[in-house]
Amino acid sequence: MPELPEVETLRRYLEQTSLHQKINGFTTEDPKRQLALPPEELHEEIMGRQMVSTTRIGKHLLVALDNGKVISLHFGMTGDLHYYRIPEDAPRFERATFYFDSGFKLAFVDSRKFGRIGLWDSEEAYIKAKALGPDALEISADVLQKGLQKRKSPIKPVLLDQKLLAGIGNWLVDEILYQAGIHPETIAGELTSSQLQNLVNAMQEVLKTAIDKEAVYRELPATFLIHAREWDTSPHPEENTHKHCYRCQTEILKTTVGGRATYFCPSCQVK
DNA sequence: TAAAATGTTCTCTT
DNA sequence: AAAGAGAACATTTT
């Protein structure tokens, strides 16, 4: 699930379900692993408090409490949220739960258990601790260009570096490079100014489109590369057209760049 | 059944 | 100091 558009969708979900209710309980399956602080401490700080507002930076969701503290939610590879009341609606893989006095619960769902929950004195403290760069929707072309300039790695792993800019994950980076017509192994510092411009435009376009569709992949435009990924659950898997570039019909290739699975069009994205 | 999976972080090396 | 490579983390799904 959780790259920038997914986390933005979760932020809105939390905002529409869970604000302004008294928290009267919190449980975790595996506090040592899932919490960035001792469970007693978290419990003490949030009991009786209310969530009052949310912020997102990159893939991180921050929830402000009415005592000024900030809960951090990071969703790892498979994190999700589910708000419910009756036990029949409990999701699979519920790893942590916030209980409200309304009787509703906010579940932190996470099959692979890479997600983390923390408590901080301020948003700034969290951003500093994680050394997060500017959010991918906010970063200016100028700052991005300066960040890329000195890097000698392929552009793909550089864009995945959350210290440079926050929010881009493995499917997004492939999508953005595809839309920008840039080969994922192009050395970051060697991008031309027109490539850089294409990159900035594609990043905005892809992020906004994905947020607009609430990160539901099958609703993304047919022009999106994401439909070529194996885990795309197309309603018509027998139609293999999504394995080809919508622009030139060339077969989409799968390789490894920076240790991650990488999809690209060998014809539209040349080094 | 072995392999791959939307992410981060740590260690080691350069 | 900073950048890059690679492994580790835990579990599910195909």
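Predicted, not measured: the structure shown is a model, and the values here were computed from it. The residue numbers shown here count from 1 along each chain, following its written sequence. Naming scheme: in the order in which they are written, chains are lettered from A and ligands are numbered from 1. Only residues with pLDDT of 70 or above have their local features reported here, since the model is predicted, and side-chain atom pairs are shown and tallied only from 80 upward, although totals for entire chains, interfaces and linings are computed over all residues. To obtain the side-chain values, all non-hydrogen atoms of the structure were used and water was disregarded.

A. Main features of the packing of aromatic side chains. When the centres of two rings from Phe, Tyr and Trp lie within 6.5 Å, Trp using its six-membered ring, the rings pair. Their planes under 30 degrees apart give stacked, over 60 give edge-to-face, and anything left gives tilted. Counted by the stated rule, this structure contains seven aromatic pairs. Consider the rings of Phe-75 and Phe-108, whose centres lie 5.5 Å apart with planes at 20°: the pair is stacked. With Phe-75 in the loop between β4 (70-74) and β5 (79-84) and Phe-108 in strand β7 (residues 105-110), this residue pair connects regions lying 33 residues apart in the sequence. Overall, the relative accessible area of 1% leaves Phe-75 in the buried class. When the ring of Trp-120 is compared with that of Tyr-126, the centres are 5.1 Å apart and the planes differ by 75°; the resulting orientation is edge-to-face. You'll find Trp-120 and Tyr-126 in the same group, each marked buried. Members of the aromatic cluster, each reached through a chain of ring pairs, are Tyr-83, Phe-100 and Phe-104. Here a helix means four or more residues in a row that DSSP labels H or I, a strand means two or more in a row labelled E, and each is numbered from the N terminus. Working definition: with a 1.4 Å probe on protein chains only, accessible area under 20% of the residue-type maximum means buried, over 50% means exposed, and in between means partly exposed.

B. Structural context of the pattern of salt bridges. Here a salt bridge means any side-chain nitrogen of Lys or Arg lying within 4 Å of a carboxyl oxygen belonging to Asp or Glu. Throughout the structure, instances matching the rule amount to 16 salt bridges. Linking Glu-8 and Arg-56 is a salt bridge whose minimum nitrogen-to-oxygen distance equals 2.8 Å. Here Arg-56 lies in strand β2 (residues 51-57) and Glu-8 lies in helix α1 (residues 4-17), a separation of 48 residues in the sequence. As far as the burial class goes, Glu-8 and Arg-56 line up, both buried. Between Glu-45 and Lys-69 there is a salt bridge, with the nearest N and O atoms lying 3.4 Å from each other.

C. Expanded view of the protein's contact with DNA strand C. For this description, a residue counts as near a given molecule or strand if any of its non-hydrogen atoms is within 4 Å of it. Contacts to DNA strand C come from Arg-33, Arg-92, Phe-93, Arg-95, Ser-111, Arg-112, Lys-113, Phe-114, Lys-150, Arg-151, Lys-152 and Ser-153. Put simply, 65% of the atoms of DNA strand C that lie within 4 Å of the protein are in sugar or phosphate. Polar contacts, as counted here, are pairs of nitrogen or oxygen atoms within 3.5 Å of one another; within protein the pair requires one atom able to donate a hydrogen and one able to accept it, and residues that are adjacent in sequence qualify only if both atoms are side-chain atoms. In the environment of DNA strand C, a phosphate oxygen lies 2.3 Å from a nitrogen or oxygen atom belonging to the side chain of Lys-113. Side-chain polar atom of Arg-151 to a phosphate oxygen of DNA strand C: 2.7 Å apart, as the coordinates give it. Residue composition of the surface near DNA strand C, grouped by class: two nonpolar, two polar and eight charged. Ten residue types, Ala, Val, Leu, Ile, Met, Phe, Trp, Tyr, Cys and Pro, are classed as nonpolar, four, Asp, Glu, Lys and Arg, as charged, and the remainder, Gly among them, as polar.

D. Main features of the nonpolar core. The definition of a nonpolar core used throughout is a set of buried Ala, Val, Leu, Ile, Met, Phe, Trp, Tyr and Cys residues joined through side-chain atoms within 4.5 Å. Counting 34 residues, the largest nonpolar core has Leu-144, Leu-148, Ile-155, Leu-159, Leu-165, Ile-168 and Leu-199 as its most contacted members. Counting only elements with at least two residues in this core, the list comes to α5 (141-149), α6 (155-159), α7 (170-180) and α8 (193-212). In terms of residue count, the dominant contributor to this core is α8 (nine residues). Note on definitions: a residue-residue contact is assigned when non-hydrogen atoms from the two residues lie within 4.5 Å. Apart from the residues within four sequence positions on either side, Leu-165 is in contact with Gly-133, Pro-134, Ala-136, Ile-139, Leu-144, Leu-159 and Met-203. Counting 26 residues, the second-largest nonpolar core is a separate cluster that includes Leu-61, Ile-71, Leu-73 and Leu-119.

E. Geometry of the UniProt feature "domain: Formamidopyrimidine-DNA glycosylase catalytic" (unreviewed entry) in chain A. UniProt positions are given in the numbering used here, feature names are shortened, and annotations may be inferred rather than shown by experiment. Using the residue numbers shown here, the UniProt feature "domain: Formamidopyrimidine-DNA glycosylase catalytic" (unreviewed entry) corresponds to residues 2-115. Here residues 2-115 runs as 23% helix and 38% strand, with 10 Å between its end C-alpha atoms.

F. Fine view of the sheet that holds β2. One open sheet holds the four strands; their spatial order is β2-β3-β4-β8, and the pairing between them is antiparallel. Strands with a single pairing partner mark the edges of an open sheet, and in this sheet they are β2 and β8 (116-120). When strand polarity is set aside, the average angle formed by the axes of neighbouring strands in this sheet is 20°. Following DSSP output, two strands are said to pair if at least two bridges run between them. Sheet analysis places β4 next to β8, joined by five bridges and oriented antiparallel. Of the residues in β8, the one forming a bridge with His-74 is Arg-116. Structural elements are reduced to axes, namely lines fitted to C-alpha atoms, with helices fitted over the stretch in contact, and the angle between N-to-C directions of any two is expressed from 0 to 180 degrees.

G. Structural view of the domain arrangement of chain A. Domain boundaries shown here were taken from an automatic or database domain assignment. Each domain of chain A was delimited in the assignment, giving domain 1 (4-130) and domain 2 (141-264). Between domain 1 and domain 2, the C-alpha centre-to-centre distance is 29 Å. Across the contact, nine residues belong to domain 1 and 13 residues belong to domain 2. Overall, the association of domain 1 and domain 2 removes approximately 920 Å² of surface from exposure, summing both partners, and the carbon and sulfur fraction of that is 67%. Along the contact surface separating domain 1 from domain 2 lie zero salt bridges. At the boundary of domain 1 and domain 2, one finds four residue pairs in polar contact (both at pLDDT 80 or more). In the side of domain 1 that touches domain 2, the residues fall into three nonpolar, two polar and four charged. Accessible area that two parts lose when put together, with a 1.4 Å probe and added across both, is what the buried area reports.

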